Amino acid sequence: LVYGSIRYSKSLDELIFLVKQLKDQLKIQITVAGIHEDDVRQILSPKNLKKNGVQNNFNIINKFISPLEEAKLFYNTDIVWCVYKNTPNGSSGVFHLSNVYKKPVATNKQGLVGWYNMKNNLGPILNFTNYEESLSSVKKILYLYKNKKNLIHYCKNQLKLRISIKKQKKFHQVVRNLMTS
């Protein structure tokens, strides 16, 4: 699942490359859901997807997604795509949602998203800086899907992180209450 504001920084070229490499080995279906910014319209065009031979692997939804649609999308996905490029080292609302829905998340190493993934093992860490690393990323995804227990492992790690975040919030609330008493 690629979700939210669909823009160039979401590494859609890299995702198309990944799907192109895997489509003969895996039954892979990508949903791209959210309002598309101008910089991705050509990348996600039927013509470009067909040129890359992946037109049957992509479900494109170019509109605002309601909360009910969001829940359905997340519940029906195996993994959330949060591989960003050329962005500040901040966080991501989609990354947060993957935790809320306890879904594995694919990231790169950069930024807070990458740091959280490396620290908590929430999904595969992919790298597309050169061809060899791109192929290594393809192999990671292939291994992940051929060994479904790894998906479950990542989901459990999301749950552990969620519980930890809730405990931290409760602790901070107790401290605030003590300070205002």
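Read on for an overview of the structure. (Residues numbered from 1 in each chain as written. Predicted model: local features only at pLDDT ≥ 70, side-chain atom pairs only at ≥ 80, totals over all residues. Heavy atoms only, no water.)

1. Considering the overall build of the chain
Next, step 1: Counting secondary structure elements, the chain contains seven helices and five strands.
Next, step 2: Ordered by position from the N terminus, the helices and strands of the chain form the series β-α-β-α-β-α-β-α-β-α-α-α.
Next, step 3: Against the 2.2 N^0.38 benchmark of 16 Å for 181 residues, the chain shows a C-alpha radius of gyration of 17 Å, consistent with a compact globule.
Next, step 4: Projected onto its principal axes, the C-alpha positions of the chain cover 65 × 35 × 30 Å.
Next, step 5: Across the 181 residues in the chain, those meeting the buried criterion constitute 45%.
Next, step 6: Once local pairs closer than 6 in sequence are excluded, the contacts in the chain between residues at least 24 apart make up 67%.
Next, step 7: Just so you have it, the chain exposes about 10600 Å², and 56% of that area is on carbon and sulfur atoms. (Helix = DSSP H or I, 4+ residues; strand = E, 2+ residues; numbered from the N terminus. Rg over C-alpha atoms; globule rule 2.2 N^0.38 Å. Buried < 20%, exposed > 50% of the residue type's maximum accessible area, 1.4 Å probe, protein only. Contact = heavy atoms within 4.5 Å. Areas by Shrake-Rupley, 256 points an atom, 1.4 Å probe, with all protein chains shown as cover.)

2. A closer look at the packing of aromatic side chains
Note on aromatic pairs: each is described by the distance of the centres and the angle between the planes.
Next, step 1: Inspection of every chain in the model, using the stated rule, returns five aromatic pairs.
Next, step 2: With 5.3 Å between their ring centres and 75 degrees between their planes, Tyr 3 and Phe 74 make a pair best called edge-to-face. With Tyr 3 in strand 1 (residues 2-3) and Phe 74 in helix 3 (residues 67-75), the pair connects residues that are 71 residues apart, well separated along the chain.
Next, step 3: Geometrically, the ring pair formed by Phe 74 and Tyr 101 is stacked, given 4.8 Å between the ring centres and 15 degrees between the ring planes. Of this pair, Phe 74 sits in helix 3 while Tyr 101 sits in the loop between helix 4 (93-100) and strand 5 (105-107), placing them 27 residues apart in sequence. Exposure class is identical for Phe 74 and Tyr 101. Each is buried.
Next, step 4: Among the aromatic residues, ring-to-ring pairing joins Tyr 3, Phe 74, Tyr 75 and Tyr 101 into one connected group. (Phe/Tyr/Trp six-rings, centres within 6.5 Å; stacked < 30°, edge-to-face > 60°.)

3. Considering the sheet that holds strand 2 (residues 30-33)
Next, step 1: Pairing is parallel across the open sheet formed by three strands, whose spatial order is 1-2-3. If you trace the sheet from one side to the other, it starts and ends with strand 1 and strand 3 (58-61), each paired once.
Next, step 2: Alignment of strand 2 against strand 3, held across four bridges, turns out to be parallel. Bridged to Ile 30 within strand 3 is Phe 58.
Next, step 3: Along the sheet face, helix 1 (residues 12-22) touches strand 1, strand 2 and strand 3 and points at about 155 degrees away from the line of strand 3. (Pairing = 2+ DSSP bridges. Axes fitted to C-alpha atoms, helices over the stretch in contact; angles between N-to-C directions.)

4. Some points on the nonpolar core
Next, step 1: Core analysis: the largest hydrophobic core is formed by 30 residues, its most contacted members being Val 2, Leu 15, Leu 18, Leu 22, Ile 30, Phe 58 and Trp 81.
Next, step 2: Secondary-structure elements contributing two or more residues to this core are helix 1, strand 2, helix 6 (131-146) and helix 7 (149-180).
Next, step 3: In terms of residues, this core owes the most to one element, helix 1, which gives six residues.
Next, step 4: When residues no more than four places from it in sequence are discounted, the contact partners of Val 2 are Lys 10, Leu 12, Leu 15, Ile 30, Thr 31, Val 32, Ala 33 and Trp 81.
Next, step 5: Formed by 18 residues, the second largest nonpolar core is a distinct cluster that contains Leu 1, Tyr 3, Leu 97 and Val 113. (Core = buried A, V, L, I, M, F, W, Y, C linked by side-chain atoms within 4.5 Å.)

5. Examining the pairing of strand 2
Next, step 1: Here strand 2 shows a buried face lined by Ile 30 and Val 32 and a second buried face lined by Thr 31 and Ala 33.
Next, step 2: In terms of strand pairing, strand 1 meets strand 2 through two bridges, oriented parallel. Bridge pairing in strand 2 links Val 2 to Val 32.
Next, step 3: Taking the sense of rotation as the criterion, the β-α-β connection linking strand 1, helix 1 and strand 2 turns out right-handed. (Right-handed = clockwise from strand over helix to strand, strands pointing away.)

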